Amino acid sequence: MSIYYADSSVLVKRHVLENGSPWVQDLFDQSSENAVVTSKVSMVEVLSEFYRRIQENDIELADCLALG
């Protein structure tokens, strides 16, 4: 098992397809038994990034709402 720190850019890659997303999705795969940690402020940063991408029409609001 490995321990990884995920900042907001990594967390966004988990949900939005961009360069590096496949690696991040493998990192979060339960079968990898990795531990991923982050800071509390990452939640605000990720929401801010999603909002920016919605405003720029890069992603749909419905897709963000489906995340959780």
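Structure first, text after, so check above.
Below is a summary of the structure that appears in this document. A quick note: this is a predicted structure, and the numbers were derived from the prediction, not measured. (Residues numbered from 1 in each chain as written. Predicted model: local features only at pLDDT ≥ 70, side-chain atom pairs only at ≥ 80, totals over all residues. Heavy atoms only, no water.)

Summed over the entire model, instances satisfying the criterion amount to 1 aromatic pair. Measuring from centroid to centroid gives 6.2 Å for Tyr4 and Trp23, while their planes differ by 85°, and the two rings are edge-to-face. Of this pair, Tyr4 sits in strand β1 (residues 3-5) while Trp23 sits in helix α2 (residues 21-28), placing them 19 residues apart in sequence. Tyr4 sits in the partly exposed class, given a relative accessible area of 30%. By relative accessible area, which is 51% here, Trp23 ends up exposed. (Phe/Tyr/Trp six-rings, centres within 6.5 Å; stacked < 30°, edge-to-face > 60°. Helix = DSSP H or I, 4+ residues; strand = E, 2+ residues; numbered from the N terminus. Buried < 20%, exposed > 50% of the residue type's maximum accessible area, 1.4 Å probe, protein only.)

Residues Met1, Ile3, Tyr5 and Val37 make up a contiguous nonpolar surface patch of roughly 500 Å² in combined accessible area. Topologically, Met1 is positioned in the segment before β1. (Patch = residues over 30% accessible without salt bridge, like charges linked within 9 Å, V, L, I, M, F, W, Y side chains within 5 Å. Areas by Shrake-Rupley, 256 points an atom, 1.4 Å probe, with all protein chains shown as cover. Salt bridge = Lys/Arg side-chain N within 4 Å of Asp/Glu carboxyl O.)

So, about α2. Buried within α2 are the following residues: Ser21, Val24 and Leu27. All buried residues of α2 lie within an arc of 120° about the axis, which places them on one face of the element. Exposed positions of α2 whose direction lies more than 90 degrees from the buried face are Trp23 and Asp26. The inward-facing, buried residues of α2 contact β1, α1 (8-15) and β2 (35-37). (Arc of directions from axis to C-beta. Contact = heavy atoms within 4.5 Å.)

So, about α1. Among the residues making up α1, those that are buried are Ser8, Val10, Leu11, Val12 and Lys13. Summarising the contacts, the buried residues of α1 are in contact with α2 and α3 (41-55).

Closest axis-to-axis distance for the α1/α3 pair is 9 Å, and the angle between their directions is 55°. Between α1 and α3, the crossing angle belongs to the class labelled oblique. Read as a crossing pair, α1 and α3 show a hand that is right-handed. Contact with α1, carried on its side by Ser8, Leu11, Val12 and His15, involves Ser42, Glu45, Val46, Glu49, Phe50 and Arg53 of α3 and no other residues of that element. Here the residues of the contact of α1 with α3 sort into 4 nonpolar, 3 polar and 3 charged. (Axes fitted to C-alpha atoms, helices over the stretch in contact; angles between N-to-C directions. Parallel < 35°, antiparallel > 145°, perpendicular 65-115°, else oblique. Left-handed = near helix turned anticlockwise from the far one by under 90°. Nonpolar A, V, L, I, M, F, W, Y, C, P; charged D, E, K, R; others polar.)

Function cannot be inferred from these measures alone, as they are strictly geometric.
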